[in-house]
Amino acid sequence: MNLAIIGCGLIGKKRASNIGEHCITWVVDIQKEKAESLAGELGSAKASADWVQAVTADDVDAVIIATTHDQLVKIGLKAVEAGKHILVEKPGARSAKEIQRLIDEVKRRGVVAKVGFNHRYHPAFLKAREIFESGDLGPLMFIRARYGHGGRLGYEKEWRADPEISGGGEFIDQGMHLVDLSRWFLGDFDEVSGYTPTYFWDMEVEDNCFLSLKTSGGQIAWLHASWTEWKNLFCFEIYGKYGKLKIDGLGGSYGVETLAYYKMLPDMKPPVTSNWEYSGPDESWALEFEEFIGAIKENRSPAGNLEDAKAALEVIGKLSSEVEN
């Protein structure tokens, strides 16, 4: 598989280092020196500032799009029109309406499209999913999750603080991962409520989001994503009638990734506890890319696809409408 990477920032570089046996033939960034730097590391890729040239090139089979949010659909559409498969970084678009254009074109062209929900592929989540699917947790009741970091000097001047470019603040950033993971376990949310304040950063978008999401069956996801966490944090708890799963950390500055399984006993005394620690390198990017390639080979829709992104963006849209009203 020959690949083009559009966007040579942190995420583009992560993708470039997690493609396995496949070949990167083009790397593109509006700052051409970034593309040239990455091309130099790869050794064989062409460097360019012209993404149209790359996504329409004959020596490209699939395109990885790791740009600002306002460019995701624009570049994705051009790639799909050229018959290329695409992996688009989350959130996939700035709104559910915007991503629908990409969904329609993907269906028309018959290519594979995936969204970068790499958190699904962290080992703690893969193990949690395995336990969930075994039925040992029993029916799920609710999810409680927190995710946050503290930004950096000048954060309020970066593109994420511009709603025209980003489509929103912390909700569409880290909150998007929390919504997707919650949907993965609980299903679709019919009721959305919450609060999206800007407490600290001098910006037009929210720096915190507090969410209560409810399924048609009454299950709740209670979520908080923050750009004022100061000490990076990730914690995701899944509560079933017969047990609880707790995931802490994502590696790096978020701390060692761990999973704890608390299995309730019939007498309801202290639960049987199992613990897993995942201190190795972050393999989620490589595992997610394997899913993308597998979907292409098998001509199927991948896990974490455009429809999943649209569902999460609809949740964001519902809360935005509620706030405006």
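For the structure, check the block above.
Values in this document were obtained by computation on a predicted structure and should not be read as measured data.

**Student:** If you had to explain the layout of surface pockets to someone new, which residues and values would you point to?
**Tutor:** Here the second largest pocket defines a volume of roughly 280 Å³. Looking at the second largest pocket, it is lined by 20 residues, and the ones nearest its centre are G167, G168, E206, I316 and S320. If you tally residues by element for the lining of the second largest pocket, the top one is helix α10 (residues 306-324), at 7 residues. Its residues assigned to classes, the lining of the second largest pocket comprises 9 nonpolar, 7 polar and 4 charged.

**Student:** Can you explain the sheet that holds strand β13 (residues 257-263)? Please cite residues and give values.
**Tutor:** Read across the sheet, 8 strands follow the order β8-β9-β10-β7-β11-β12-β13-β14 without closing on themselves; strand pairing throughout is mixed. The open sheet terminates on both sides in strands that have one partner only, identified here as β8 (191-195) and β14 (272-278). Pairwise comparison of adjacent strand axes, ignoring direction, gives a mean angle of 10° for this sheet. Of the pairings in the sheet, the one linking strand β7 (residues 140-148) to strand β10 (residues 220-226) comprises 7 bridges and is parallel in character.

**Student:** Explain a nonpolar patch on the surface residue by residue, including any values.
**Tutor:** On the surface, a cluster of nonpolar side chains totalling about 610 Å² of accessible area is made up of Y195, Y199, F200, F210 and W230. Given a relative accessible area of 54%, W230 falls into the exposed group.

**Student:** Tell me about the environment of Y254, and name the residues and values.
**Tutor:** Among the structural elements, Y254 can be located in the loop between β12 (243-248) and β13. For Y254, a relative accessible area of 18% gives the class buried. In this structure, Y254 is in contact with Y147, G148, H149, Q174, N232, L233, F234 and G249, ignoring residues within four places of it in sequence. Separated by 3.0 Å, the side chains of Y254 and Q174 make a polar contact.

**Student:** Tell me about the side chain of D173, and name the residues and values.
**Tutor:** Among the secondary structure elements, D173 is positioned in the loop between α7 (163-166) and α8 (174-186). For D173, a relative accessible area of 9% translates into the label buried. Setting aside residues no more than four positions away along its own chain, D173 makes contact with K90, H149, Y155, R160 and W227.

**Student:** So what's going on with the sheet that holds strand β2 (residues 23-28)? Residues and values would help.
**Tutor:** Neighbouring strands of a sheet are bound in pairs by backbone hydrogen bonds; such pairs are parallel or else antiparallel. Pairing in this open sheet of 6 strands is parallel, and the strands run β3-β2-β1-β4-β5-β6 from one edge to the other. Edge strands, defined here as strands with exactly one partner in the open sheet, are β3 (46-48) and β6 (113-116). Across the sheet, the axes of successive neighbouring strands diverge by a mean angle of 20°, strand direction being ignored. Where strand β5 (residues 85-89) lies against β6, 4 bridges are found, and the strand directions are parallel. Of the residues in β6, the one forming a bridge with L87 is K114.

**Student:** Please set out the pairing of β10 residue by residue, giving values where relevant.
**Tutor:** Within β10, 5 of the 7 residues are buried, leaving the element largely enclosed by the surrounding structure. Both strand β9 (residues 208-214) and β10 contribute to a ladder of 7 bridges, which runs antiparallel. By the bridge assignment, F210 is partnered in β10 with H224. Here β9 folds back onto β10 in antiparallel fashion, the turn holding 5 residues, of which G218 has a positive phi close to 90°.

Rules behind the numbers
- Residues numbered from 1 in each chain as written.
- Predicted model: local features only at pLDDT ≥ 70, side-chain atom pairs only at ≥ 80, totals over all residues.
- Heavy atoms only, no water.
- 1 Å grid on protein atoms, 1.4 Å probe; cavity = no way out; pocket = protein on both sides within 12 Å on 5 of 7 lines; lining within 4 Å.
- Points joined across faces, edges and corners; volume = space filled by probe spheres on them.
- Helix = DSSP H or I, 4+ residues; strand = E, 2+ residues; numbered from the N terminus.
- Nonpolar A, V, L, I, M, F, W, Y, C, P; charged D, E, K, R; others polar.
- Pairing = 2+ DSSP bridges.
- Axes fitted to C-alpha atoms, helices over the stretch in contact; angles between N-to-C directions.
- Patch = residues over 30% accessible without salt bridge, like charges linked within 9 Å, V, L, I, M, F, W, Y side chains within 5 Å.
- Areas by Shrake-Rupley, 256 points an atom, 1.4 Å probe, with all protein chains shown as cover.
- Salt bridge = Lys/Arg side-chain N within 4 Å of Asp/Glu carboxyl O.
- Buried < 20%, exposed > 50% of the residue type's maximum accessible area, 1.4 Å probe, protein only.
- Contact = heavy atoms within 4.5 Å.
- Polar contact = N/O pair within 3.5 Å; in protein donor to acceptor, adjacent residues only side chain to side chain.

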